[in-house]
Amino acid sequence: MPYLIVQFQGGFSRRVEVEKSPTVLGRGTSCDVQIVDDKVSRRHCQLSELEGQWHLEDLDSRNQTWIGLEAIEQTLLADGDQFRIGQTQIVFRTEEDPTQAFEEPPSVD
């Protein structure tokens, strides 16, 4: 299942599972992923799966959705792609991060 790593301004981050398609991100309480950021629109962007591929689409937001220095309307996402809405950086993941295996202590049976 895909997930997002949402990196808020100030260094706080959280992992959010993408449980359905479409998944709407924004400041509004009705969004699937609520982003507390004054620069984020109530309904800012959405992730949608189409034929096994994930797409990111801006929902006519005031401050746009950015990949690097480019504002996008819609784009195809791959594992590890990063995008920004408002002042919040987001990483899209489709696979578990292999480095996490080294950070977690081994289980004791």
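Remember, predicted model here, so these are calculated numbers, not experimental data. Per chain, the residues get numbers from 1 upward, laid out in the order the sequence is written. With the structure being a predicted model, the display of local features is reserved for residues of pLDDT at least 70 and the display and counting of side-chain atom pairs for 80 or more, all residues being used for whole-chain, interface and lining totals. Heavy atoms throughout the structure, all of them, feed into the side-chain values; hydrogens and water do not.

Caption draft 1: Structural view of the pairing of strand β3 (residues 23-26). Partly exposed residues are those whose accessible area sits between 20% and 50% of the maximum for their type, while under 20% is buried and over 50% is exposed, using a 1.4 Å probe and protein chains only. Comment: elements are numbered from the N terminus, with helices defined as DSSP H or I runs of at least four residues and strands as E runs of at least two. Of the two faces of β3, the one holding Thr 23 and Leu 25 and the one holding Val 24 and Gly 26 are both buried throughout. Bridge analysis of β3 against strand β4 (residues 33-34) gives two bridges, and the strand direction is parallel. Opposite Leu 25, over in β4, you have Val 33 as the bridge partner. Two strands make a pair as long as DSSP finds a minimum of two bridges between them.

Caption draft 2: Region of interest: the environment of Thr 29. Along the chain, Thr 29 turns up in the loop between β3 and β4. Thr 29 sits in the exposed class, given a relative accessible area of 74%. Placed 14 residues apart in sequence, Thr 29 and Arg 43 show a C-alpha to C-alpha distance of 9.5 Å.

Caption draft 3: Spatial organisation of the pattern of salt bridges. By salt bridge we mean one thing: a side-chain nitrogen of Lys or Arg within 4 Å of a carboxyl oxygen of Asp or Glu. Within this structure, the stated rule accounts for three salt bridges. Its salt-bridge partner being Lys 20, residue Asp 32 comes within 3.1 Å of it at the nearest N-O pair. Here Asp 32 is found in the loop between β3 and β4, whereas its partner Lys 20 is found in the loop between β2 (13-17) and β3, with twelve residues between them in sequence. What makes Lys 20 partly exposed here is its relative accessible area of 45%. Here Arg 93 makes a salt bridge to Asp 79, at a shortest N to O gap of 2.9 Å. Separated by 14 residues along the polypeptide, Arg 93 in strand β11 (residues 88-93) and Asp 79 in the loop between β9 (74-77) and β10 (82-85) bring together distant segments of the chain. A residue is classified by how much of its surface remains accessible, and Asp 79, at 32% relative accessible area, is partly exposed.

Caption draft 4: Highlighting the packing of aromatic side chains. Two aromatic rings from Phe, Tyr or Trp, using only the six-membered ring of Trp, form a pair when their centres are within 6.5 Å; if the ring planes differ by under 30 degrees the pair is stacked, by over 60 it is edge-to-face, and anything between is tilted. Overall, the coordinates contain two aromatic pairs when judged by the stated rule. When the centroid spacing of 6.3 Å and the interplanar angle of 50 degrees are considered together, the rings of Trp 54 and Phe 92 count as tilted. Taken as a pair, Trp 54 in strand β6 (residues 53-58) and Phe 92 in strand β11 lie far apart in primary sequence, 38 residues in all. Under the relative-accessibility criterion, Trp 54 is labelled buried at 10%. Judged by relative accessible area, which is 0%, Phe 92 ranks as buried. Above the ring of Tyr 3, the side-chain terminus of Arg 15 is found at 3.6 Å from the ring centroid. A positively charged side chain is recorded as over a ring if its NZ (Lys) or CZ (Arg) lies within 6 Å of the ring centre. The angle to the ring normal must also be within 35 degrees.

Caption draft 5: Seen up close, the side chain of His 55. As for its position among the elements, His 55 is in strand β6. Accessibility expressed as a relative area gives 17% for His 55, which makes it buried. In this analysis, two residues are considered to be in contact whenever any of their non-hydrogen atoms come within 4.5 Å of each other. Among all residues touching His 55, those that are not within four sequence positions of it are Gln 46, Leu 47, Ser 48, Leu 50, Gln 74, Thr 75 and Leu 76.

Caption draft 6: Quick look at the nonpolar core. In plain words, nonpolar cores are sets of buried Ala, Val, Leu, Ile, Met, Phe, Trp, Tyr and Cys residues tied together by side-chain atoms within 4.5 Å. Core analysis: the biggest nonpolar cluster contains 19 residues, and Leu 4, Leu 25, Leu 47, Phe 83 and Ile 85 have the highest contact counts within it. Those elements that provide at least two residues to this core are β1 (3-7), β5 (45-50), β6, β10 and β11. When sequence neighbours within four positions are dropped, the list of residues in contact with Leu 47 reads Leu 4, Val 18, Ser 21, Pro 22, Thr 23, Leu 25, Trp 54, His 55, Leu 56 and Leu 77.

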